[in-house]
Amino acid sequence: MDMYEEKRLIRRKALAARRGMTEDARAEASDKIQKLLFDMDEYLGARCVFLYASMDEEVHTENIILDLLGSGKTVCLPYIVGNSAMEAVRLKSMLDLEPGKYDILTVREDAKTIVEPEKIDLVLVPGVAFTRSGDRLGMGGGYYDNFLKSAVKARRVALTYDCQIFETLPMSDNDEKVDKIVTESGIIDCKQK
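As a starting point, this report considers the structure included with it. (Residues numbered from 1 in each chain as written. Predicted model: local features only at pLDDT ≥ 70, side-chain atom pairs only at ≥ 80, totals over all residues. Heavy atoms only, no water.)

### So, the packing of aromatic side chains
Part 1: For the coordinates displayed, the defined rule picks out three aromatic pairs.
Part 2: Centre to centre, the rings of Phe38 and Tyr43 are 5.3 Å apart; their planes meet at 40°, and the pair counts as tilted.
Part 3: For Tyr43, a relative accessible area of 2% translates into the label buried.
Part 4: One aromatic cluster is present, built from ring pairs that chain together Phe50, Tyr144 and Phe147. (Phe/Tyr/Trp six-rings, centres within 6.5 Å; stacked < 30°, edge-to-face > 60°. Buried < 20%, exposed > 50% of the residue type's maximum accessible area, 1.4 Å probe, protein only.)

### Examining the nonpolar core
Part 1: Ranked by internal contacts, the top residues of the largest apolar core, which has 49 residues, are Phe50, Leu51, Val123, Leu124 and Leu159.
Part 2: Core analysis: the next-biggest nonpolar cluster, separate from the first, contains eight residues, Leu15, Val128, Ala129 and Leu137 among them. (Core = buried A, V, L, I, M, F, W, Y, C linked by side-chain atoms within 4.5 Å.)

### Here's the deal with the pairing of strand β7 (residues 122-125)
Part 1: The two faces of β7 match: Leu122 and Leu124 on one face and Val123 and Val125 on the other face are all buried.
Part 2: The sheet contact formed by strand β1 (residues 48-50) and β7 spans two bridges and is parallel. Residue pairing in the sheet places Phe50 in a bridge with Val123 of β7. (Helix = DSSP H or I, 4+ residues; strand = E, 2+ residues; numbered from the N terminus. Pairing = 2+ DSSP bridges.)

### Details of the environment of Met21
Part 1: Of note, Met21 is situated in the loop between α1 (3-19) and α2 (23-38).
Part 2: Among the residues examined, Met21 registers a relative accessible area of 16% and is labelled buried.
Part 3: In this structure the C-alpha to C-alpha distance between Met21 and Ser93, which are 72 residues apart in sequence, comes to 31 Å.

Right under this line is the structure:
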C-alpha cells in the first residue's frame with residue numbers, strides 16, 4: 001500500500017473515532033483540554049497566538065479565543081489565500097468572524113490585518129491523527145504543513161482527543177511535527193519520546 005492510501009485509511013479511521021464521540025463527550029473532553037492548555041507555560045508566555053476556529057467535531061476553541069482576546073494577546077486565525085496556502089490574520093473581536101472557505105469561521109475581509117508568521121509565539125494545531133512523538137496527519141490539504149514552515153519561532157501545540165492518538169503514522173518529508181499534544185488525559189511532550 002502506498003503512503004497516500006495509508007494516510008487516507010488512517011484519516012477515515014481517526015475521523016470515525018472522533019465522530020463516534022457524543023456531543024457531550026466532546027464538550028467535556030474539550031473543557032479538560034482547555035484547562036490543561038491554560039496552565040501551560042507556552043500558552044501563558046505567548047504574546048502572539050495562531051489558532052483555528054473549531055468545527056463541530058474538533059476540540060472546541062471558542063473559549064480559548066475569548067481567553068486570549070481578554071488577556072490582550074494578539075490572536076491570529078487562518079486565512080486561506082490559495083492552494084495549500086494560508087496567512088495569519090489578526091482577530092480583534094468575535095464580531096469580526098464570518099464563514100469562509102470550507103465553511104470555517106474566518107476574519108471578515110474588511111477587518112483583515114495580516115500578521116507575519118515570524119511574530120507568532122505559539123501555534124495551536126488541529127489535526128486528524130497524531131503520535132506521541134509529534135507526528136501529525138491533517139486533512140490532506142497541506143495548509144498547516146506549509147504554514148508551520150514559515151512560523152519559525154512558534155511552539156507547536158496540538159489539541160486533540162485521546163481517540164486520535166496512534167502508535168505510528170506514515171510521514172513524508174513535507175509533513176511537519178508538533179512539540180506537544182494536549183488531550184483530555186494530559187499533556188504529551190513529544191520531545192521526550
